[in-house]
Amino acid sequence: MSMNTQGRPTGTGTSSAAATGSSLLPNEPILFEIGDTEHTGVDLPEVSVGDDFLGGFRRKSPLDLAGLTEPEAMRHYVRLSRLNYSIDSGMYPLGSCTMKHNPRLNEKMARLPGFADIHPLQPVSTVQGALELMNELAHWLMTLTNTAAVCLTPKAGAHGEMAGMMAIRAAQVAKGEAHRNVVLVPESAHGTNPATAAFLGYTVKPIPARADGTVDAAAVKAALGPDVAAIMLTNPNTCGLFEPQIIDIAAAVHEAGAYFYCDGANFNAIMGVVRPGDLGIDAMHINLHKTFSTPHGGGGPGAGPVVLSAALAPFAPVPFVRDGQLVEHAEGQHLGRVTAFNGQMGMYVRALTYMLSHGGDGLAQAAKDAVLNANYIKARLSRAFSVPFADAGYCMHEALFDDSFLEGSGVTTLDFAKALIDEGYHPMTMYFPLVVHGAMLVEPTESESKQTLDAFCESMLDLAADAKAGNAARFTAAPTKAPRRRLDETRAARQPRLKWERPDPLPQAAE
Amino acid sequence: MRYLPHSAAERAEMLAVIGAKAAEDLFGAVPRSALLTKPVDLPKHSPEFLVEAKMRALAGKNRAGADGPFFVGAGAYRHHVPATVDHLIQRSEWLTAYTPYQPEVSQGTLQMLFEFQTQVAHLTGMDVANASMYDGSTATAEAVLMARRLTRKDKIILSGGLHPHYRDVVTTYLDHSPSLVSLPASPEGQGDILDRIDDDTAAIVIQTPDFFGHLRDVKRAADAIHAKGGLLIVVVTEVVSLGLLEAPGALGADIVVCEGQSIGNSLNFGGPYVGLMATKKEFIRQMPGRLCGETVDADGNRGFVLTLSTREQHIRREKATSNICTNSGLCALAFTIHMSLLGEAGLTRLARLNHERAIRLSKALRAVPGVELLNKTFFNEMTIRLPVPAAPIVELLAKADVLAGVPVSRLIPNDPAAENLIVLAATELTTDTDIDMLGECLHAALNGDGA
């Protein structure tokens, strides 16, 4: 049991409030249980300031912010970090996430003062290197996709989807087709697709998947009409398959007066091998934190630049670089900002560093290795696991399984995934795409060696055999080797505790 | 290629297991017309040292903040970030971890987010905060949409003191809706927003300190909008100000959105930054973005999970509160670590120091003939009016290596009222020498000596 420096007992009385456990598997208290309002790890000159310029708005309410000295803060956040799995420590076979290696040269370059210590609004004449970098990144993205323009500024993939769909909406309005209020989205699509369409006021009309997991051009043609503004497709699709009729679909979409939004989350499978512009797409966001190796950081920051066809280029949101200048105010048909300032420069530096390192040849090889690795896993696992689309042939960069191989075993996809944790792996993507029952989507990326893939496959095969042999307890009890057992998510939602609360109320601070 | 583990032999072995003759066979589903027959027209792979040389050359063409007097603010502020912060966020387990969807192996990230949410709630004086947004501007747009959902009303009024970029983002998100009233910029710190509130108003958006540095009367705004059944959204672009100024929550704010960049995160030419959003308990279910909550595991140990996910896109799809998937994880971590190093004692001291530097700056500016200081109130940022257009003066001073703030005309073009204005910020990094040099250069520029 630990006390904070003012002698107040810490925590809520549960055993986990104490700093127990070895440093290799710590039980770490919350910051507010170990820090206090007097400790600080930053030395600053003490100044007092009068009220002359504060308008009577000086703070009276308590801050109640816990502080730590530097060694305490270091220990707290190092110990907490040890509770995290990470790509540096093991494989993430997460379908649709592209958890590839995060090169450290990216981090070194992003921290150069000429990139990190420049302000978005300092005179443009003083940041010509930054504009040049943005131009170069734009060039790589447009060349890899064969598109006419790119809006670099969206801060995440979903943000890029929003910007791309806004451009489509604006293009329709410009043509006098504002009445088109429907967007077609396959049932297999990632949730951000229908969410984005609905966000912009569209009615989402689902397109069913074929038995082999792909989109049927005939179904699309039947759904197209004078009320359809756009289709949103992912290619390769969320089942890990290249849409074979995509060119046909794009042509039909255009003929019906609609536009083609492509979700570029799976671009890692085809970069340097296929150019989406050649397929007829009008807008596609690219996840720099997936395909171009910028780190996931525990949930962000991301970056979602969106490439645009010639038809949509005039509508690209500001700001963008033109002739060594930043065009910051919407002119012509260009849309207004989707974010303050200039976008995710820190991620552009990282992504461009990666592109220069790999080169066009390396990027193509990476795509080929990503596809090779996924097919290797599929080949090694498809006898023991169940492949939903038996005649699909080769997959692209991710292999999809369903849970029919677990039928009668008492083990669900969720249980299986939790047991994989005990084997030392982060689980694969579960229950996505929705079109397959109990989906398990496995994307190794090109970063995994054959040795790692073999070890992974062996664990997966061992688990499958055990499940079929009826050893359900191993799965339903899992994980047992992680810092925490399964967590009660129902309780978290029913009784939301979203911040730390002190056990005794803080006496109101005297003025 | 140093990032690709396979040898040619291994590739061949794997192809044999797959049963394919060549790697190209795996792309059989791709229409032949779409399969590239020659490599893309891009440079070939490059060793680290050559990539580094190229990137250094690009970086070398940019004038960094540390290279001379620096007064640029306007929504992004140059503060000192302790060495501990940048060291910690580069640890593998923080930098290269995925979103904490599998909580058992993500307790580090989740507990940190719980600490972050607590810090943001305390700073803003609100009941609950989310696990961060992309940035302050998109958080503001999301707050506006949230207010509309909560009140089931449409009309939104944006204060003339709101950062012009934030105003532009809200306008883009609302697709130039006629129910969006965007008041003209108010460099003098006064606006008529309270007179414009009516029964149709879902929310008003007030920024304090505002874009021009003025401190606004949040309580008065709260009373006015609440009387008409609407909500108050308060925007804070300089989060350090909350170490000295009253919490918006204590003054009646319903939703508070901030740019958190000042704590833990470098300027980075505009991103990545970190948006903060906090609100009242009763509004939680309409709040966008990720939320981290406390619970227990199967052994009864305290643990943390992402929660209330039925608001989000991966569950509700087209019925989600927003399309957001990502938060600004690593930037939120940097914020949390820096804020824990500061603590209350450090943050209040930092805030006082920023204000003291700003007072020093204001005195130097007022001493330059021809310069008029518009602010009666400020935290660490202020606006001056010159007798001539400001943009050329700022450009001139930049050649003398003094970055003298932002000419307002850059954000508000074609407006005679804005043409002669500069917004300048001072922080704990601003020295007396910097301020004196600024004063001298301004004096010279306005008296024709610097031409």
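Refer to the structure printed above.
First, a word on what this report is: a plain description of the structure on this page. These numbers were taken from a predicted model, which means no experiment stands behind them.

How each quantity is defined
- Residues numbered from 1 in each chain as written.
- Chains lettered and ligands numbered in written order.
- Predicted model: local features only at pLDDT ≥ 70, side-chain atom pairs only at ≥ 80, totals over all residues.
- Heavy atoms only, no water.
- Helix = DSSP H or I, 4+ residues; strand = E, 2+ residues; numbered from the N terminus.
- Rg over C-alpha atoms; globule rule 2.2 N^0.38 Å.
- Buried < 20%, exposed > 50% of the residue type's maximum accessible area, 1.4 Å probe, protein only.
- Contact = heavy atoms within 4.5 Å.
- Areas by Shrake-Rupley, 256 points an atom, 1.4 Å probe, with all protein chains shown as cover.
- Lys, Arg positive; Asp, Glu negative; His and termini not counted.
- Charge placed at Lys NZ, Arg CZ, Asp CG, Glu CD.
- Salt bridge = Lys/Arg side-chain N within 4 Å of Asp/Glu carboxyl O.
- Polar contact = N/O pair within 3.5 Å; in protein donor to acceptor, adjacent residues only side chain to side chain.
- Core = buried A, V, L, I, M, F, W, Y, C linked by side-chain atoms within 4.5 Å.
- Pairing = 2+ DSSP bridges.
- Axes fitted to C-alpha atoms, helices over the stretch in contact; angles between N-to-C directions.

1. Describing the overall build of chain A
Consideration 1: Counting its regular elements, chain A contains 15 helices and twelve strands.
Consideration 2: Rg of the C-alpha trace for chain A: 26 Å, near the compact-globule value of 24 Å for 511 residues, within the 12% margin.
Consideration 3: Judged by the C-alpha coordinates and their principal axes, chain A covers about 75 × 70 × 45 Å.
Consideration 4: Burial statistics for chain A: of 511 residues in total, 66% are counted as buried.
Consideration 5: In chain A, of all internal contacts separated by at least 6 residues, the share reaching a separation of at least 24 is 69%.
Consideration 6: Carbon together with sulfur atoms contributes 52% to the accessible area of chain A, which is approximately 16400 Å² in total.
Consideration 7: Counting 40 positive and 53 negative side-chain charges, chain A places the averaged centre of each group 3 Å from the other.

2. Observations regarding the interface of chain A and chain B
Consideration 1: Taken together, the contacts link 204 residues of chain A with 187 residues of chain B.
Consideration 2: Counting every contact that joins chain A to chain B gives 15 salt bridges.
Consideration 3: Between E52 of chain B and K108 of chain A there is a salt bridge, and its shortest N-O distance comes to 3.1 Å.
Consideration 4: Summed over the shared surface of chain A and chain B, the number is 97 residue pairs in polar contact (both at pLDDT 80 or more).
Consideration 5: With 26 residues, helix α11 (residues 345-381) of chain A is the single largest residue contributor to the side of chain A that touches chain B.

3. What to know about the side chain of H163 of chain B
Consideration 1: Mapped onto the elements, H163 of chain B comes out in the loop between β2 (155-158) and α7 (164-173).
Consideration 2: Only 3.0 Å separates the side chain of H163 of chain B from the backbone nitrogen of H165 of chain B, close enough to count as a polar contact.
Consideration 3: Among residues more than four places away in sequence, those in contact with H163 of chain B are F341 of chain A together with A74, G75, Q207, F211 and L411 of chain B.

4. Quick notes on the pattern of salt bridges
Consideration 1: Taken as a whole, this structure holds 52 salt bridges over all chains when the rule is applied.
Consideration 2: Its salt-bridge partner being D432 of chain B, residue R357 of chain B comes within 2.9 Å of it at the nearest N-O pair. Highlighted residues: R357 of chain B in helix α11 (residues 329-366) and D432 of chain B in helix α14 (residues 432-446), separated in sequence by 75 residues.
Consideration 3: A residue is classified by how much of its surface remains accessible, and R357 of chain B, at 10% relative accessible area, is buried.
Consideration 4: Because the salt bridges share partners, they merge into one network encompassing R380, K450, D454 and E458 of chain A together with E13 of chain B.

5. Some words on the nonpolar core
Consideration 1: Ranked by size, the top nonpolar core spans 130 residues in total, and within it F292, F385 and F416 of chain A together with M55 of chain B carry the most contacts.
Consideration 2: The dominant element in this core, judged by the number of residues it contributes, is α11 of chain A, at 18 residues.
Consideration 3: If we skip the residues at most four places from it in the chain, M55 of chain B touches M109, L112, F115, L133, V349, L352, T353 and L356 of chain A.

6. Points about the environment of L200 of chain A
Residues and elements named next belong to chain A.
Consideration 1: On the secondary structure map, L200 appears in the loop between α7 (192-199) and β3 (203-207).
Consideration 2: As a C-alpha pair, L200 and N181 span 19 residues in sequence and 9.7 Å in three-dimensional space.
Consideration 3: When residues no more than four places from it in sequence are discounted, the contact partners of L200 are M162, M165, M166 and R169.

7. Quick notes on the sheet that holds strand β3 (residues 180-182) of chain B
Residue and element names in this part refer to chain B.
Consideration 1: Here seven strands make up an open sheet; going across it, the order is β1-β7-β6-β5-β4-β2-β3 and the pairing mixed. One side of each edge strand has no neighbouring strand; the edge strands of this open sheet are β1 (128-129) and β3.
Consideration 2: Relative to strand β4 (residues 201-207), β2 is paired through four bridges, and the arrangement is parallel. Residue pairing across strands places I157 opposite I204, the latter belonging to β4.
Consideration 3: Packing of helix α9 (residues 218-227) onto the sheet brings it into contact with β4 and β5 (231-236), and relative to β5 it is tilted by some 155 degrees.

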